[in-house]
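Structure assessment
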Amino acid sequence: MYFDVIYPGNSAMLVVKLAEGESFKAEMGAMVSRSQSVQISGQIDGGILRSARRSMFGAEGFFFQNITANGAAGEIRLAPPELGDIKLLDMREGVDYFVQAGAFLAAFGDVQIDTKLQPLAQGFFSGEGVFALHCTGVGAVAVSSFGALAEIEIPDGEIHIVDNGHLVAWSGDLNYSIVKAARSWWHSITTGEGLACSFTGPGTVWIQSRNPSSFFKWMKKVVARK
Amino acid sequence: MASSFTGRYYPPGTGKAQSVRVGLEGGMLKVSSDNGEFEPIPLSDIELRAGGFQKDRIIIRNKVTGETIACHDKRLLAALKQNTDASHLHNEIGKISKGISIYPVLHFSSWIFALVSLGTAAILLYVGIDGLIDAIADRLPKSFDKKVGEIAFTEISKDERLDQQKKDVQRINKLGKKLLANLDPESYEFEFHVLETTDVNAFALPGGKILVCSELMRQVKNDNELAGVLGHEISHVTRRHTLRQTLHKAGVTASVEALMGNDPNLVGQRLAHLLEIADLSYNRKQEEEADLTGVELLVKSGFPADGLLRFLERLEKLDLSSNNRMLAIFSTHPMPKERIDAMRERLEAIKKAKKK
Ligand SMILES: [Zn+2]
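Remember, it's a predicted structure, so these values are computed and weren't measured experimentally. (Residues numbered from 1 in each chain as written. Chains lettered and ligands numbered in written order. Predicted model: local features only at pLDDT ≥ 70, side-chain atom pairs only at ≥ 80, totals over all residues. Heavy atoms only, no water.)

1. Notes on the overall build of chain B
- Check the secondary structure of chain B and you find 14 helices and 12 strands.
- By the burial criterion, 50% of the 356 residues in chain B qualify as buried.
- For chain B, the proportion of contacts with a sequence separation of at least 24, taken over those separated by at least 6, is 62%.
- Entry remark: accessible area of chain B is about 16,900 Å², with carbon and sulfur atoms responsible for 52%. (Helix = DSSP H or I, 4+ residues; strand = E, 2+ residues; numbered from the N terminus. Buried < 20%, exposed > 50% of the residue type's maximum accessible area, 1.4 Å probe, protein only. Contact = heavy atoms within 4.5 Å. Areas by Shrake-Rupley, 256 points an atom, 1.4 Å probe, with all protein chains shown as cover.)

In structure tokens form, the structure reads like this:
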């Protein structure tokens with residue numbers, strides 16, 4: 001299997017070349033183009049119990065597509081809906097990542113993706129989009145960003161705070177808790193804005209340079225003016 | 001190496017991991033990658049802590065060089081224990097093992113989890129998630145609301161200016177007292193606070209603490225309107241709307257945990273934290289309930305029934321674009337149009353009943 005990011009920058013695309021019989025997982029609806037032999041089947045990952053768990057705990061069902069080259073080798077191009085970049089996270093034995101659900105694009109190799117049951121204070125994010133997928137195994141995970149994708153290394157014991165709307169992925173060794181980005185309780189409770197993740201190293205966080213919901217709000221303002 | 005475990009190696013001062021194997025030999029921590037072996041680390045040089053979101057991994061730091069190794073494998077703790085006599089390490093190993101069991105629900109063995117999932121799924125087929133969480137809320141003792149409210153209030157008062165201006169506080173307490181006199185004395189212990197902000201809004205914490213914005217107190221025309229707001233907020237408490245919304249946001253697991261009372265302080269703390277940061281707008285049904293229950297309380301207490309209605313009607317007529325903060329009350333207490341209609345209907349009914 002060969003995969004690579006083409007047109008990196010603000011209109012990145014993922015190209016995947018499959019030998020006959022090879023397959024991988026991708027976000028629903030990400031296909032741009034494909035060879036005839038490449039087939040896409042929708043599937044809820046992990047069977048009935050896990051999907052029951054998912055619906056119970058608020059993930060609102062995270063759906064994957066299985067993409068397979070059937071009968072002949074083939075090639076497929078994938079792209080996320082938003083303007084932005086794509087990054088391949090290298091997965092090795094023992095290394096794990098959390099990927100913000102909206103940023104997941106595809107997974108290659110022997111990668112398990114779990115919509116991990118998260119302890120309480122973080123469990124309410126279904127609506128906010130900071131519901132994280134837990135990726136383990138060996139292979140690679142492709143994540144997409146809105147705007148540019150940047151990497152922040154956090155050394156052992158240091159703390160770094162990231163606005164929730166800018167989160168893409170982070171390494172599993174990081175401890176994190178949800179904090180208010182702005183000081184006012186009143187502001188966050190009436191607007192639902194201003195939440196951030198406080199990470200404690202060691203580990204790496206990948207962020208996007210634009211916040212989708214802030215962008216949407218800005219768009220609404222521009223449209224309303226006309 | 002006797003036995004080795006999969007881990008990540010972070011060079012000093014970095015956050016980028018290399019995949020490594022970690023083992024113990026002759027009082028030394030041995031770390032190796034595909035590219036070869038690292039300098040062995042004497043166990044006397046290391047410190048330990050639990051890391052990761054669920055405190056489910058062991059973080060080993062070399063105090064001398066600052067390099068860090070992270071490992072998932074609990075067997076490493078046992079191996080460390082065997083290989084060292086250092087009491088500070090034994091202490092830390094004990095702490096980490098404890099830390100790992102902070103979230104008991106997550107550590108059910110998987111078949112118990114499967115049974116619970118299936119059982120819960122069966123219940124869900126009948127009542128739905130909302131029904132289940134509401135049923136759980138109904139079974140929680142009143143002391144639970146109080147605990148969550150108190151923890152949240154402590155946090156909130158750290159960040160917010162709670163107005164101590166005597167006039168406002170006195171005014172609100174006087175009105176509140178009049179209303180509470182007509183409430184079941186077995187109900188909650190209410191407290192009224194004034195929050196210094198330019199928003200026009202009010203909020204009810206579980207267990208009876210009610211926060212009214214100072215600007216709302218400027219904007220009400222008279223005590224009757226303010227009493228209308230208080231009646232509405234008091235009803236959110238007695239009908240446990242805030243607690244329910246918090247549990248809904250927290251999800252089924254947390255609600256079950258709250259019910260089973262694993263550790264009321266811990267669960268309460270986490271709910272209070274959620275209350276502090278989540279968008280907990282009430283739903284339409286809750287708003288109408290609070291409106292109508294509030295109207296009943298107003299009438300019982302000798303206030304005109306239409307205080308809240310008049311206030312909301314006036315706010316609703318304001319130009320949306322001119323001042324959003326004036327309309328903040330509709331962000332947490334939504335559905336102005338439907339609510340106003342429903343309240344009008346109820347008030348008509350009360351009038352008719354009086355005439356008879
Ligand atoms: Zn309300």
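2. Structural notes on the packing of helix α11 (residues 284–300) of chain B against helix α14 (residues 336–355) of chain B
Residues and elements named next belong to chain B.
- Interaxial distance between α11 and α14 falls to 10 Å at its minimum, and their mutual angle equals 30 degrees. Here α11 runs over α14; the crossing is right-handed. Here α11 contributes R284, E287, E288, D291, L292, V295, E296 and V299 to the contact with α14, which in turn contributes E338, R339, A342, M343, R346, L347 and I350.
- In terms of residue class, the contact of α11 with α14 is built from 7 nonpolar, no polar and 8 charged. (Axes fitted to C-alpha atoms, helices over the stretch in contact; angles between N-to-C directions. Left-handed = near helix turned anticlockwise from the far one by under 90°. Nonpolar A, V, L, I, M, F, W, Y, C, P; charged D, E, K, R; others polar.)

3. Structural notes on helix α1 (residues 75–83) of chain B
Residue and element names in this part refer to chain B.
- Looking at α1, one finds that the buried residues are L76, L77, A79 and L80. In a view along the axis of α1, the buried residues occupy a sector of 165 degrees, so they form one face of it. The outward face of α1, more than 90 degrees from its buried face, is lined by the exposed residues R75 and Q82. (Arc of directions from axis to C-beta.)

4. Considerations on the coordination of the zinc ion
All names here are of chain B.
- Around the zinc ion, the protein contributes the donor atoms H232 (NE2), H236 (NE2), E287 (OE), E287 (OE) and H333 (ND1), which lie 1.8 to 2.5 Å from the metal centre.
- Read in sequence order, the donor residues coordinating the zinc ion give the pattern H-x3-H-x50-E-x45-H. Of this pair, H236 sits in helix α7 (residues 223–238) while H333 sits in the loop between α13 (329–332) and α14; the two residues are 97 residues apart in sequence, bridging distant segments of the chain. Taken individually, H236 and H333 each receive the classification buried, so the pair is uniform in this respect. (Donors = N, O, S within 2.8 Å, 3.2 Å for Na, K, Ca; no water.)

5. Here's the deal with the sheet that holds strand β10 (residues 191–195) of chain B
Residue and element names in this part refer to chain B.
- With mixed pairing, 4 strands are arranged side by side in an open sheet as β9-β10-β12-β11. Looking at the sheet topology across the chains shown, the edges are occupied by β9 (162–163) and β11 (202–204).
- Note that β9 and β10 share 2 bridges and pair antiparallel. For L162, the partnering residue across the bridge sits in β10 and is L195.
- Sitting on the sheet, helix α5 (residues 166–180) touches β9, β10 and β12 (209–213), and the angle it makes with β10 is about 150 degrees.
- Where α7 meets the sheet, its contacts fall on β10, β11 and β12, and the angle it forms with β11 comes to roughly 25 degrees. (Pairing = 2+ DSSP bridges.)

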